[in-house]
Amino acid sequence: MATASGPVLFQEERVQSTYDASQWRLMRISFARHKLAVVGAVVVVLGYFIALFAEFVAPYDPGAITFVSPARSNQLIPPKLPRIVHPDGGLRWFFVHPLVEMRDQETLMVTYPEDTSVSYPIRLFVRGAPYKLFGFIRSDIHLWGVADGRAYDDPEKVRLHLFGTDQKSRDVFSRILHGTRISLSIGLLGVAMQFVLAIVFGTISGYFSGPLDNAIQRLIEVLTSVPTLPLWMVLSISIPQSWPVIRVFFAITIILSLLSWPGLARQVRGKVLSLRETEYVVSARLDNAPTSRIMFIHLIPGLMSHLIASLTLAIPGTILGETSLSFLGLGLHEPAISWGVLLQDAQQLRTILFAPWLMIPVIPVILFILAFNFVGDGLRDAADPYKS
Amino acid sequence: MADAAAAGAMERGNIIEVRGLSKHFPIKRGILKHTVGWVRAVDDVSFDVRRGETLGLVGESGSGKTTVLRLLARALEPTDGAIRFRLADSEVDMAVAEKEVLRAARRRIRVVFQDPESSLNPRMTVRRIIGEPLVVNDKLKGEALDARVKSLMALVGLQPEQLNRYPYAFSGGQRQRIGVARALALDPEVLLADEPTSALDVSVQAQILNLLLELQRELGLTVIFVTHDLSVIRHMSDRVAVMYLGHFVELGDRQQIFDKPLHPYTEALFSGIPQPNPHRPLKRIVLEGDIPDVAQVPTGCPFHTRCPYKQDRCESEPPLLAEVGNTGRQAACHFAAELDLKGEQELLS
């Protein structure tokens, strides 16, 4: 019998290992080459870490109103960075001066000059407002805070508002960190639902051509031809105002994903159509492989890598969807905290003029959308390691 | 050797009898996708295949040879006709076989595909690729499966310890060996090979062809072999069938056809065989025009538009594939008995 004409010459350890490498390993290797995608992945992972541990990472309770009296309102305090240069000239570890609330007698504008006679250091792992992590771990340790020795609910408590406070005297920085939770998870949850819908409808449509395919394609055409904004509005209005935050959240997620699966389903269908005709699928059919095996062993794994890449690119759409819905007042409402809800405060011209920091929640929206896009780009390039 | 094999094959009778096989593809146009015409890829073809022989199917691209092969495997649904397989334990008409019968028949009738690049799932290891028919049909698992896959790999000249590799880690020739091993997994009687070497380097082609010849002899397979390469046909087959525009134009013993073709198209094909000696080129018979559109096959003899020996009768009356004299050879030409066509050797200048 003829002997194998294989690359016997190159059978050293390293080469051997790439010969045996599975698709996922090849994908990892090629993803790591895409530097921007790796940076994006780090940002995304960091974002979900913050979402998980928001209570710990945020210095203050996002709902805590620090209003004491009309003379000590703590409303619309501008952003402030911790200092390192002490008034006596020396360099110190990060510290803050307490703020004094003053009202300009002519313009009636409130200003917050610093009381430089006193200073309090910033400390890591300080005690603050109590919280329950994941709903059951009781703690009052926060990643950082101002060490002034006072209890968290003391009216005299000295605070550092990195991104200032809003009109209800709440800490914007803590609110943004807590907003990560809803804004990023709505992306994941919505996309997970799209994923299921797209695979089910796309695979059926592509594999069983004929009337079933026709029906699904027409349904998709109808869905994609309805203008999104009015449809969002109609669907959102049908959500009762009295519903609790969690239920509204799920309802919004379902609305967003019901409207965005068609695009993905089309991609799946196209891919299935081309995969169905490949010789390895024909050969599996001639091997007597049942339809279910062809679908789950040959077709779906074949399009999985592409699908994951497209889904990563679809997450920003869902995040933006939630943000714009909530911004328009059609999505989530207070007391829910999401970036869209936070941006509702920035709707009035007056606030943009006098409290531009209320627009800061736009920054994480942009940051994460870019990060997801980079990751998606990298995944798409890595998706088919056999093509290069 | 080939003559002896052919003689032996004749005694053992036919394993496949194809009668009136047709495959017409509709041409659809417009938004409503109404049918405006038909491509007669295979049109009323009848032939027999003898047990244990290698039948070479040759023709230009578009002649329908691959379609015939796919119909035999029932990878395509035939429009009309009968494909009777006389297998060792049963008789099946593949053209109309129902699910369970088809399942059983497909174990015995296996296909080797043209391009190992696309016929092996890139996401599967060799173990799973070769093992797939065994898992699906014999419910083999674990060590029994591994042992069978390894013995198949050894049979086709692969190193059994490489069973955890993915297809991309193999050369083209090795990949085709994987394809052959997969086809052999269920102990078939008939191997349908669809241009198994056309995607390979010339240097590797011979290895795969020899492998197929050896396996055929060892396992007593009947092989139907599709190719457009006449030198492959000369090397491989006991008998040759020549196809043109969905019709069989000539069918007969390989040596006899190469010595003295009976159909003008076969002669023209031979004149295009590349010769190793540049000082003795073949006398080229250059056919006029292109191969006609398969959607509009000429009336009468499909070859009359390009035939150098054309007569009036050819334009109106289609010739049938019939035995010429008492030669045991078949040709579809009104003048097969009269024309004195040149074989490959005679064409050498």
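Residues numbered from 1 in each chain as written. Chains lettered and ligands numbered in written order. Predicted model: local features only at pLDDT ≥ 70, side-chain atom pairs only at ≥ 80, totals over all residues. Heavy atoms only, no water.

1. So, the overall build of chain A
(1) Moving on: Of regular secondary structure, chain A possesses 13 helices and six strands.
(2) Moving on: For 388 residues, the compact-globule estimate of 2.2 N^0.38 gives 21 Å, and chain A exceeds it by more than 25% at 27 Å.
(3) Moving on: Counting only C-alpha atoms and orienting by the principal axes, one finds that chain A spans roughly 95 × 60 × 40 Å.
(4) Moving on: Nonlocal contacts in chain A, meaning residues at least 24 apart in sequence, comprise 66% of its contacts between residues at least 6 apart.
(5) Moving on: Within the structure as shown, chain A displays about 19600 Å² of accessible surface, and the carbon and sulfur contribution to it stands at 67%.
(6) Moving on: Of the charged side chains in chain A, 32 are positive and 29 negative, and the gap between their average positions amounts to 4 Å. (Helix = DSSP H or I, 4+ residues; strand = E, 2+ residues; numbered from the N terminus. Rg over C-alpha atoms; globule rule 2.2 N^0.38 Å. Contact = heavy atoms within 4.5 Å. Areas by Shrake-Rupley, 256 points an atom, 1.4 Å probe, with all protein chains shown as cover. Lys, Arg positive; Asp, Glu negative; His and termini not counted. Charge placed at Lys NZ, Arg CZ, Asp CG, Glu CD.)

2. Considerations on the overall build of chain B
(1) Moving on: Within chain B, the regular secondary structure consists of 13 helices and 12 strands.
(2) Moving on: For 349 residues, the compact-globule formula gives about 20 Å, and the C-alpha radius of gyration of chain B, at 21 Å, lands near that figure.
(3) Moving on: Principal-axis analysis of the C-alpha atoms places the extent of chain B at approximately 70 × 55 × 45 Å.
(4) Moving on: Per-residue burial for chain B yields a buried fraction of 56% across its 349 residues.
(5) Moving on: Considering only residue pairs separated by 6 or more positions, chain B has 64% of its internal contacts joining residues 24 or more positions apart.
(6) Moving on: As displayed, chain B offers around 15100 Å² of accessible surface, 50% of which is attributable to carbon and sulfur atoms.
(7) Moving on: Here chain B contributes 44 positive and 46 negative side-chain charges, whose respective centroids are spaced 6 Å apart. (Buried < 20%, exposed > 50% of the residue type's maximum accessible area, 1.4 Å probe, protein only.)

3. Focus on the sheet that holds strand β2 (residues 91–96) of chain A
Residue and element names in this part refer to chain A.
(1) Moving on: As summarised here, the arrangement of the four strands in space is β1-β2-β5-β6, forming an open sheet in which the pairing is antiparallel. Strands at the two margins of the open sheet, each flanked by one partner only, are β1 (83–85) and β6 (137–146). Geometrically, the sheet is characterised by an average inter-axis angle of 30° between neighbouring strands, direction not taken into account.
(2) Moving on: The sheet contact formed by strand β5 (residues 120–133) and β6 spans eight bridges and is antiparallel. What sits directly across from K132, in β6, is R138. (Pairing = 2+ DSSP bridges. Axes fitted to C-alpha atoms, helices over the stretch in contact; angles between N-to-C directions.)

4. Here we look at the layout of surface pockets
(1) Moving on: In this structure, the largest pocket occupies an estimated 860 Å³ of space.
(2) Moving on: Lining the largest pocket are 22 residues, with R285 of chain A together with R74, A75, E77 and R106 of chain B positioned closest to its centre.
(3) Moving on: Contributions of two or more residues to the lining of the largest pocket are made by α9 (279–286) and α10 (291–327) of chain A together with β1 (14–29) and α3 (99–108) of chain B.
(4) Moving on: The biggest single contributor to the lining of the largest pocket is α3 of chain B, with five residues.
(5) Moving on: Residue classes in the lining of the largest pocket are distributed as nine nonpolar, two polar and 11 charged. (1 Å grid on protein atoms, 1.4 Å probe; cavity = no way out; pocket = protein on both sides within 12 Å on 5 of 7 lines; lining within 4 Å. Points joined across faces, edges and corners; volume = space filled by probe spheres on them. Nonpolar A, V, L, I, M, F, W, Y, C, P; charged D, E, K, R; others polar.)

5. Some details on empty space enclosed by the protein
(1) Moving on: Per the stated rule, a full pass over the model turns up five cavities of 30 Å³ or more.
(2) Moving on: In this structure, the largest cavity occupies an estimated 120 Å³ of space.
(3) Moving on: What lines the largest cavity is a set of 16 residues, among which S283 of chain A together with V111, V112, F113 and R182 of chain B lie closest to the centre.
(4) Moving on: Of all the secondary-structure elements, those providing two or more residues to the lining of the largest cavity are α9 of chain A together with β6 (109–112) and α7 (172–184) of chain B.
(5) Moving on: Residues that form the lining of the largest cavity fall into these classes: eight nonpolar, four polar and four charged.
(6) Moving on: Quantified by volume, the second largest cavity comes out at close to 90 Å³.
(7) Moving on: As for the second largest cavity, its lining consists of 14 residues, and the residues nearest its centre are P264, C301, C307, C314 and C333 of chain B.
(8) Moving on: For the lining of the second largest cavity, the per-class residue count stands at 10 nonpolar, three polar and one charged.

6. Some points on the confidence of the model for chain A
All names here are of chain A.
(1) Moving on: Looking at chain A, pLDDT values average 82 and 93% of them are 70 or higher.
(2) Moving on: Here helix α1 (residues 13–19) stands out as the element of chain A with the lowest mean pLDDT, 53, in contrast to helix α3 (residues 35–52), whose mean of 92 is the highest.
(3) Moving on: With pLDDT under 50 throughout, residues 1–15 is counted as low confidence; its partners more than four residues away or in other chains account for 26 contacts. (pLDDT = per-residue confidence, 0-100.)

7. Let's talk about the packing of α3 of chain A against helix α13 (residues 362–383) of chain A
Residues and elements named next belong to chain A.
(1) Moving on: Interhelical geometry of α3 versus α13 gives an angle of 130° and a closest axis separation of 7 Å. Judged by the angle between their axes, α3 and α13 are oblique. Pair α3 / α13 crosses with left-handed handedness. Touching L36, A37, G40, A41, V43, V44, G47 and Y48 of α3 are L367, F368, A371, F372, F374, V375 and G378, all from α13. (Parallel < 35°, antiparallel > 145°, perpendicular 65-115°, else oblique. Left-handed = near helix turned anticlockwise from the far one by under 90°.)

8. Comments concerning unusual backbone geometry
Residues and elements named next belong to chain B.
(1) Moving on: In the Ramachandran plot, D44 falls in the positive-phi region, its phi being about 50° despite a non-glycine side chain.
(2) Moving on: The class of D44 is exposed, set by a relative accessible area of 53%.
(3) Moving on: Located in the positive-phi region is L245, a residue other than glycine, with phi close to 50°.

9. Side note on the sheet that holds strand β2 (residues 34–50) of chain B
Residues and elements named next belong to chain B.
(1) Moving on: Pairing within the open sheet is antiparallel, and its four strands lie in the order β2-β1-β4-β5. Unpaired on one side and paired on the other, β2 and β5 (91–93) mark the two borders of the sheet. Pairs of neighbouring strands in the sheet enclose a mean axial angle of 20°, with direction left out of account.

10. Quick notes on helix α6 (residues 142–155) of chain B
Residue and element names in this part refer to chain B.
(1) Moving on: With 14 residues, α6 extends 20 Å between its outermost C-alpha atoms, agreeing within 8% with the 20 Å of an ideal straight helix rising 1.5 Å per residue.
(2) Moving on: Every buried residue belonging to α6 is among L145, V149, L152 and M153, and all of these are buried. All buried residues of α6 fall inside an arc of 100° around its axis, so they share one side.
(3) Moving on: Where the residues of α6 are buried, they touch α5 (126–138) and α7. (Expected span 1.5 Å × (residues − 1). Arc of directions from axis to C-beta.)

11. Here we look at the environment of V248 of chain A
Residues and elements named next belong to chain A.
(1) Moving on: Within the element layout of this structure, V248 appears in helix α8 (residues 245–276).
(2) Moving on: Judged by its relative accessible area of 8%, V248 is buried.
(3) Moving on: For the pair V248 and I366, spaced 118 residues apart in sequence, the C-alpha to C-alpha distance is 24 Å.
(4) Moving on: With near-sequence residues (within four places) excluded, V248 lies in contact with I239, W243, G331 and L332.

12. Considering the nonpolar core
(1) Moving on: One finds L184, I294, L299, L307, W339 and F372 of chain A to be the most contacted residues of the largest nonpolar core, which totals 53 residues.
(2) Moving on: Among the elements that make up this core, the one with the highest residue count is α10 of chain A (12 residues).
(3) Moving on: Core analysis: the second largest hydrophobic core is formed by 38 residues, V45, A95, I224 and F248 of chain B among them. (Core = buried A, V, L, I, M, F, W, Y, C linked by side-chain atoms within 4.5 Å.)

13. So, the side chain of T203 of chain A
Residue and element names in this part refer to chain A.
(1) Moving on: As for its placement among the helices and strands, T203 is situated in helix α5 (residues 172–207).
(2) Moving on: A polar side-chain atom of T203 sits 2.4 Å from the main-chain carbonyl oxygen of I199.
(3) Moving on: Ignoring sequence-local partners within four residues, the contact set of T203 consists of A198, F208, V268, V272, M295 and I300. (Polar contact = N/O pair within 3.5 Å; in protein donor to acceptor, adjacent residues only side chain to side chain.)

14. Here's the deal with the pairing of β6 of chain B
All names here are of chain B.
(1) Moving on: Alternating residues of β6 divide into I109 and V111 and R110 and V112, and every residue in both groups is buried.
(2) Moving on: With four bridges joining them, β6 and strand β7 (residues 190–194) adopt parallel strand pairing. Bridge pairing in β7 links R110 to L191.

15. Thoughts on the pattern of salt bridges
(1) Moving on: This structure, assessed with the given rule, holds 35 salt bridges over all chains.
(2) Moving on: When the shortest N-O distance is used, the salt bridge between E221 of chain A and R266 of chain A registers 3.2 Å. With E221 of chain A in helix α6 (residues 211–225) and R266 of chain A in helix α8, the pair connects residues that are 45 residues apart, well separated along the chain.
(3) Moving on: R266 of chain A gets classed as partly exposed once you look at its relative accessible area, which sits at 36%.
(4) Moving on: The partner of D287 of chain A in a salt bridge is R182 of chain B, and the shortest N-O contact between them spans 2.3 Å. Of this pair, D287 of chain A sits in the loop between α9 and α10 while R182 of chain B sits in helix α7, each in a different chain. Each of the two residues, D287 of chain A as well as R182 of chain B, counts as buried. (Salt bridge = Lys/Arg side-chain N within 4 Å of Asp/Glu carboxyl O.)

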